[in-house]
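Structure at a glance
Spelled out from the first residue to the last, the chains are:
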Amino acid sequence: MSNATTSPGGTVSTPLDVTANVDLCLSALERKVLWLSTWIIHHANHLRVARDGLKVGGHQASCASMVTLMTALYFDVLRPADRVAVKPHGSPVFHAIQYLFGRQTRDQLQRFRAFGGAQSYPSRTKDIDDVDISTGSVGMGVAMTSFAALVQAFLRNRQLMSEDTLPGRMIAVAGDAEFDEGNIFEALLEAWKHHVRDVWWVIDYNRQSLDAIVADRFFHRLDTVFKTMEWRVVTLKYGKKLEAAFTRRGGDALRAWIDDCPNSSYSALAYQGGAAWRSRLQRDLGDTSGISELLDEHDDEALHGLMTNLAGHDLDAVREAFHAAAADDVPTCFIAYTIKGYGLPFEGHKDNHSGLTTPEQIATLRTSMGITEGEEWERFSGIDIQPDVLQEFLSNVPFAQASSRRHEASQVPVPSILRVPPGGQVSTQAGFGRVLADIARNHTELADRIVTTSPDVTVSTNLGGWVNRRGVFSQSAQVDVFREDQPLSAQDWSMGPEGQHLELGIAENNLFVLLAALGLSGPLFGTRLLPVGTLYDPFISRGLDALNYACYQDARFILVATPAGISLAPEGGAHQSVVTPLIGLGQPGLTAFEPSYVDELTEVLRWSFEHIQADRGGSVYLRLSTRPLDQPQRELSADLRRQVVDGGYWFRSPAQGAELAIVVSGPVVAEAVDAYDEIAEDLPGAGLMVVTSADRLQRNWMAARKVGRGGEAHVAQLLKPLAPTAGLVTVLDGHPATLSWLGSVCQHRVQPLGVESFGQSGDIPDLYRAYGLDAAAILDAAARLCVE
Ligand SMILES: Cc1ncc(C[n+]2csc(CCOP(=O)(O)OP(=O)(O)O)c2C)c(N)n1
Ligand SMILES: [Mg+2]
């Protein structure tokens with residue numbers, strides 16, 4: 001510890017030698033981070049003009065709780081290669097720290113939660129100060145650190161990343177209530193299976209969530225869970241002052257009293273302050289020898305300081321623990337005892353989650369920080385360390401040693417055309433497997449960067465051929481005994497560090513969070529990967545928040561969902577997906593396709609490998625089917641390939657002024673063709689359009705309309721030949737709203753067919769009849785249009 005003099009406010013009045021006074025710089029920064037994070041939120045709520053009557057919000061208490069943990073990490077422990085997921089409502093703490101480093105602007109802080117300002121929750125895509133991992137939906141950022149560590153291990157094992165430098169640590173600073181989210185435990189198990197190292201989860205254990213005080217029993221169990229998963233658990237319970245008090249006479253009784261104190265009572269006392277601590281301790285421990293002396297030696301303020309001296313607020317204790325864990329790569333959980341709202345007027349109060357300082361309270365805090373009015377935003381105001389000394393300290397912090405931590409990864413070339421697998425009766429799902437296997441064989445450069453993953457549906461989603469060629473990833477080599485000893489299986493599941501398939505247990509949340517991590521390998525680790533994940537289409541909903549989370553971070557991946565819809569037929573009503581086409585249509589950052597034929601799929605997949613690498617690209621969702629269909633005998637022209645990617649084309653062109661068209665997406669194309677052939681006998685000019693992507697068609701049309709050029713949109717051009725009075729029968733194996741909007745493009749009348757309920761097993765003829773997707777239903781709909 002330093003020998004410089006400190007004022008009661010903790011500031012330093014003598015010039016400092018930087019190296020000798022690390023402690024003082026750190027504690028000054030700790031106070032400053034508390035001030036700035038509190039002030040950012042106060043300013044947003046009290047000092048900006050509210051125009052809409054809505055509260056701005058923010059979480060001063062949640063921030064205060066983690067200030068010490070974040071100070072220790074960012075100003076001392078972190079290296080540039082480390083990546084951090086900061087608990088969502090701790091965003092102002094993160095931004096304040098970046099501001100102190102000079103990597104965040106005052107303007108952004110002043111516009112916290114305002115349009116274009118610093119985001120409510122740390123955001124990779126919206127914030128300007130180098131957020132590593134977005135957070136917002138609690139639990140997601142925590143899980144993401146495990147999967148990011150897996151991706152790092154994958155890259156290092158496959159020599160796609162330099163092994164000269166130390167691996168980065170993937171660190172979550174999490175709220176304790178985040179551990180109510182099951183996805184964390186799914187991730188914990190999966191990471192254990194994959195022998196993931198280099199992960200730290202730092203739990204801000206303030207024993208409060210949003211509504212309530214966390215149950216005492218819960219965290220005692222949690223400790224056991226981590227140990228079972230072979231994690232190291234470091235419990236940071238008491239700060240140095242309390243530890244010293246425990247060594248005094250009566251110290252054991254004091255420790256036992258605190259240990260036994262229910263969370264709710266402890267929080268209440270922390271809120272009430274010194275006098276309350278005194279009377280409670282007198283009542284409970286007054287007869288214990290040594291306790292009276294202890295109480296006499298502390299005035300109310302000092303007693304409050306002592307009793308709230310939990311290790312999560314003790315910079316020395318926290319730093320020591322972090323540095324000790326840095327000696328190896330064992331995954332480590334730090335359970336850091338803290339008090340929600342520590343150092344603020346509402347500390348410990350059970351309702352403090354969205355508590356905000358009043359103008360009087362912030363003025364008192366400002367004065368206690370030594371900050372004069374008008375200097376609230378000054379980086380170093382209220383700090384008695386000379387600015388150049390503090391600046392030098394900041395410039396020398398290990399974390400600040402990289403000018404940029406966001407890597408630019410080079411692109412992986414994609415062939416301009418891929419070979420379409422031979423025709424016959426093929427499903428789009430089987431076609432997908434064949435195209436991927438072909439890439440594995442013939443396009444080495446592309447194939448080397450592809451990484452596939454699936455939650456226990458690898459074989460049933462047709463990834464088997466790829467896996468046979470490219471192997472399953474494991475950090476240690478393991479032969480497939482079924483291949484080695486007994487030739488019982490067509491699948492070779494040999495595992496090793498060279499493998500390119502990451503097999504997951506059945507947990508769709510994990511699939512999407514892993515895809516998020518894989519899809520950010522370029523910016524996070526400097527090497528671009530081309531992730532392809534497969535799952536059953538209905539289970540998209542199971543992991544939907546994680547999918548949204550991945551897209552929100554602009555992670556890039558291809559999602560192949562199969563089988564889809566009621567077309568999976570006898571496989572079971574419970575697995576029929578109805579709303580997924582609407583998810584594809586509505587999910588930002590994700591472009592959805594539902595091709596009908598394998599040649600379409602081949603081009604869409606090729607384009608997808610480009611799109612996930614494009615500056616303004618995104619991720620791709622392919623909704624595929626297990627239904628084998630006769631493939632058209634054709635070679636797609638360059639123009640047709642473009643139309644397939646743009647979202648649709650005329651499979652049977654309409655005559656100029658045609659009165660009817662069938663518009664179909666996906667495997668129902670077979671019924672649409674049958675119906676069309678019948679209709680064409682009476683209405684020779686009718687058309688049949690195949691929609692490969694309702695999403696692309698709609699997005700392009702809406703963008704064109706916004707600039708007054710809706711007529712130039714691809715879909716408008718497609719529909720142009722039809723008579724203004726024409727009718728459209730739209731049909732897909734999914735919710736009819738996916739295509740019914742087509743009527744708005746040129747004001748055509750629409751008969752939308754699709755699936756609105758589900759749950760009945762059967763074969764395709766029965767199901768298509770029951771749900772109104774068969775040729776007869778299409779003909780009926782066409783007839784209705786003709787008589788309307
Ligand atoms: C998935 C999800 N559900 C609900 C919320 C709303 N929410 C934000 S913070 C929070 C409680 C957080 O408590 P804790 O993790 O203990 O953090 P603390 O504020 O105590 O540090 C909740 C429920 C959310 N952000 N995400
Ligand atoms: Mg909490």
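You'll find the structure just up there.
Residues numbered from 1 in each chain as written. Chains lettered and ligands numbered in written order. Predicted model: local features only at pLDDT ≥ 70, side-chain atom pairs only at ≥ 80, totals over all residues. Heavy atoms only, no water.

Some words on the overall build of the chain
Quick reminder of the rule: Numbering goes from the N terminus for both helices and strands, where a helix is a DSSP run of H or I of at least four residues and a strand is a run of E of at least two. For a compact globule the rule gives 2.2 Å times the number of residues to the power 0.38, and the radius of gyration it is set against comes from C-alpha atoms. To sort residues, take the accessible area from a 1.4 Å probe on protein chains only and compare it with the maximum for the residue type: under 20% means buried, over 50% means exposed, and anything in between is partly exposed. A contact between two residues is defined here by any heavy atoms of the two lying within 4.5 Å. The protein chains shown are the only cover counted for residues, whose accessible areas, like all others here, come from Shrake-Rupley with a 1.4 Å probe. His is not counted here, nor are the chain ends, while Lys and Arg score as positive and Asp and Glu score as negative. Charged groups are reduced to one reference atom each: NZ for lysine, CZ for arginine, CG for aspartic acid, CD for glutamic acid.
A count of helical and extended segments in the chain gives 33 helices and 20 strands. At 31 Å, the chain has a C-alpha radius of gyration in line with the 28 Å of a compact globule built from 788 residues. Along the first, second and third principal axes, the C-alpha atoms of the chain reach 105 × 70 × 50 Å. A buried classification covers 60% of the 788 residues belonging to the chain. Partitioning the contacts of the chain with sequence separation of at least 6, the portion at a separation of at least 24 is 76%. For the chain, the exposed area adds up to about 30400 Å²; of that, 51% sits on carbon and sulfur atoms. Each charge class in the chain was averaged separately, 67 positive and 94 negative side chains, and the resulting centres sit 3 Å apart.

Points about empty space enclosed by the protein
In this approach, a probe sized like a water molecule rolls over the atoms, and the result shows the empty space that is left. The criterion, for reference: The way it works is a 1 Å grid over only the protein atoms, where trapped points that fit a 1.4 Å probe form a cavity and open points with protein on both sides within 12 Å along at least five of seven lines form a pocket, and then any residue with an atom within 4 Å of a point lines it. Grid points are joined across faces, edges and corners, and a volume is the space filled by probe spheres set on the points.
Enumeration over the complete set of coordinates arrives at 2 cavities of 30 Å³ or more. Here the largest cavity defines a volume of roughly 120 Å³. In terms of lining residues, the largest cavity is bounded by 16 residues, among which Pro 581, Ala 592, Glu 594, Ala 694 and Thr 738 are the most central. At the level of secondary structure, the elements contributing two or more residues to the lining of the largest cavity comprise helix H24 (580-586), strand E13 (590-593), strand E14 (619-623), helix H28 (694-706) and helix H30 (737-740).

Observations regarding the coordination of the magnesium ion (ligand 2)
Ideal geometry at a metal centre gives angles of 109.5 degrees when four donors are arranged tetrahedrally and 90 or 180 degrees when six donors are arranged octahedrally. This is how the line gets drawn: Sites may look incomplete because water is not among the atoms; the donors themselves are N, O and S atoms within 2.8 Å of the metal, or within 3.2 Å for Na, K and Ca.
Taken together, Asp 176 (OD), Asn 206 (OD1) and Gln 208 (O) make up the full set of protein donors to the magnesium ion (ligand 2), lying 1.9 to 2.2 Å away. Sequence positions of the residues that donate to the magnesium ion (ligand 2) give the spacing D-x29-N-x1-Q. Of the two residues, Asp 176 sits in the loop between strand E2 (170-175) and helix H6 (182-193) while Gln 208 sits in the loop between strand E3 (199-205) and helix H7 (216-228), which places them 32 residues apart along the sequence. Given the relative accessible area of 2%, Asp 176 is considered buried.

Observations regarding helix H27 (residues 669-682)
Worth spelling out the cut-off: Expected helix span is taken as 1.5 Å per residue step, with the number of steps being one fewer than the number of residues.
Between its first and last C-alpha, H27 extends 20 Å over 14 residues, near the 20 Å set by a 1.5 Å rise per residue. If you check which residues of H27 are buried, you get Val 669, Glu 671, Ala 672, Val 673, Ala 675, Tyr 676 and Ile 679. Tucked into the core, H27 has its buried residues touching strand E15 (629-630), strand E16 (648-652), strand E17 (660-665), strand E18 (687-691), helix H32 (764-771) and helix H33 (775-787).

Some details on the packing of aromatic side chains
Heads up, the condition is: Two aromatic rings from Phe, Tyr or Trp, using only the six-membered ring of Trp, form a pair when their centres are within 6.5 Å; if the ring planes differ by under 30 degrees the pair is stacked, by over 60 it is edge-to-face, and anything between is tilted.
A complete count under the given rule lists 23 aromatic pairs for this structure. Where Tyr 74 meets Phe 94, the ring centres are 6.0 Å apart and the plane angle is 70°; that geometry is what we call edge-to-face. Of this pair, Tyr 74 sits in helix H2 (residues 60-77) while Phe 94 is found in helix H3 (residues 91-101), placing the two residues 20 residues apart along the sequence. Each member of the pair Tyr 74 and Phe 94 is classed as buried. Measuring from centroid to centroid gives 5.4 Å for Phe 593 and Trp 607, while their planes differ by 70°, and the two rings are edge-to-face. With Phe 593 in strand E13 and Trp 607 in helix H25 (residues 598-611), this residue pair connects regions lying 14 residues apart in the sequence.

Some words on the environment of Val 56
Examined against the element boundaries, Val 56 turns out to sit in the loop between helix H1 (22-47) and H2. A relative accessible area of 25% means that Val 56 is categorised as partly exposed. Considered as a pair, Val 56 and Ile 583 are 527 residues apart in the sequence and their alpha carbons are 30 Å apart. Setting aside residues up to four positions removed in sequence, Val 56 forms contacts with Ala 44, Asn 45, Arg 48 and Arg 113.

Quick look at the packing of H27 against H33
Defined as follows: In this analysis an axis means a line fitted to C-alpha atoms, helices contributing only their contacting stretch, and an angle means the value between N-to-C directions, from 0 to 180 degrees. By definition in this entry, angles of less than 35 degrees are roughly parallel, angles greater than 145 are roughly antiparallel, angles of 65 to 115 are roughly perpendicular, and the rest are oblique. Handedness of each helix crossing follows the sense of rotation of the near helix against the far helix: counterclockwise by less than a right angle gives left-handed, clockwise gives right-handed.
Here H27 crosses H33 at 50°, and the two axes come no closer than 8 Å. Regarding the angle of H27 to H33, the classification is oblique. The handedness of the crossing between H27 and H33 comes out as right-handed. Contact with H27, carried on its side by Glu 671, Ala 672, Asp 674, Ala 675, Glu 678 and Ile 679, involves Ala 775, Ile 778, Leu 779 and Ala 782 of H33 and no other residues of that element.

Here we look at the side chain of Ser 619
The criterion, for reference: Polar contact is defined as a pair of N or O atoms within 3.5 Å, subject to the rule that within protein one atom must be able to donate a hydrogen and the other to accept it, and that residues adjacent in sequence are counted only when both atoms are side-chain atoms.
Within the secondary structure, Ser 619 is located in strand E14. Of note is the side chain of Ser 619, whose polar atom sits 2.8 Å from the backbone oxygen of Ala 555. Excluding its chain neighbours within four sequence positions, the residues that come into contact with Ser 619 are Ala 555, Arg 556, Phe 557, Gly 589, Leu 590, Thr 591, His 611 and Ile 612.

Let's talk about the nonpolar core
Quick note on the threshold: Residues belong to one nonpolar core when they are buried, are Ala, Val, Leu, Ile, Met, Phe, Trp, Tyr or Cys, and are joined through side-chain atoms within 4.5 Å.
Formed by 90 residues in total, the largest nonpolar core has its most connected members in Trp 201, Phe 226, Leu 254 and Leu 559. At 11 residues, helix H5 (residues 140-157) tops the list of elements feeding residues into this core.

Considerations on the sheet that holds strand E5 (residues 332-337)
For clarity, the threshold we go by: Two strands are said to pair when DSSP picks up at least two bridges between them.
Strand order in the open sheet made by the 5 strands is E1-E2-E3-E5-E4, with parallel pairing throughout. Across the chains shown, the open sheet's two edge strands, defined by having one partner strand only, are strand E1 (83-86) and strand E4 (232-236). In this sheet, adjacent strand axes meet at a mean angle of 15° when their direction is disregarded. In the packing of H5 onto the sheet, the strands contacted are E1, E2 and E3, and the crossing angle to E2 comes to about 170°.

Observations concerning the site of ligand 1
Going by this rule: Nearness is defined per residue: one heavy atom within 4 Å of the molecule or strand is enough. Residue classes follow a fixed rule: Ala, Val, Leu, Ile, Met, Phe, Trp, Tyr, Cys and Pro count as nonpolar, while Asp, Glu, Lys and Arg count as charged, and any other residue, Gly among them, counts as polar.
Lining the immediate environment of ligand 1, one finds 18 residues, of which Ser 62, Lys 87, Asp 176, Gln 208 and Lys 340 sit closest. Side-chain polar atom of Lys 87 to an oxygen atom of ligand 1: 2.5 Å apart, as the coordinates give it. In the model, an oxygen atom of ligand 1 is placed 2.5 Å from a nitrogen or oxygen of the Asp 176 side chain. Against a free-state accessible area of 590 Å², the protein chains account for coverage of 77% of ligand 1. A class-by-class count of the residues in the shell around ligand 1 yields 3 nonpolar, 9 polar and 6 charged.

Things to note about unusual backbone geometry
Cis geometry is found at the peptide bond from Thr 562 to Pro 563, where omega equals 0°. For Pro 563, the position within the fold is in the loop between strand E12 (558-561) and H24. Of note, the phi angle at Arg 113 is positive, near 70°, even though the residue is not glycine. Tracing the backbone shows Arg 113 in the loop between helix H4 (106-110) and H5.

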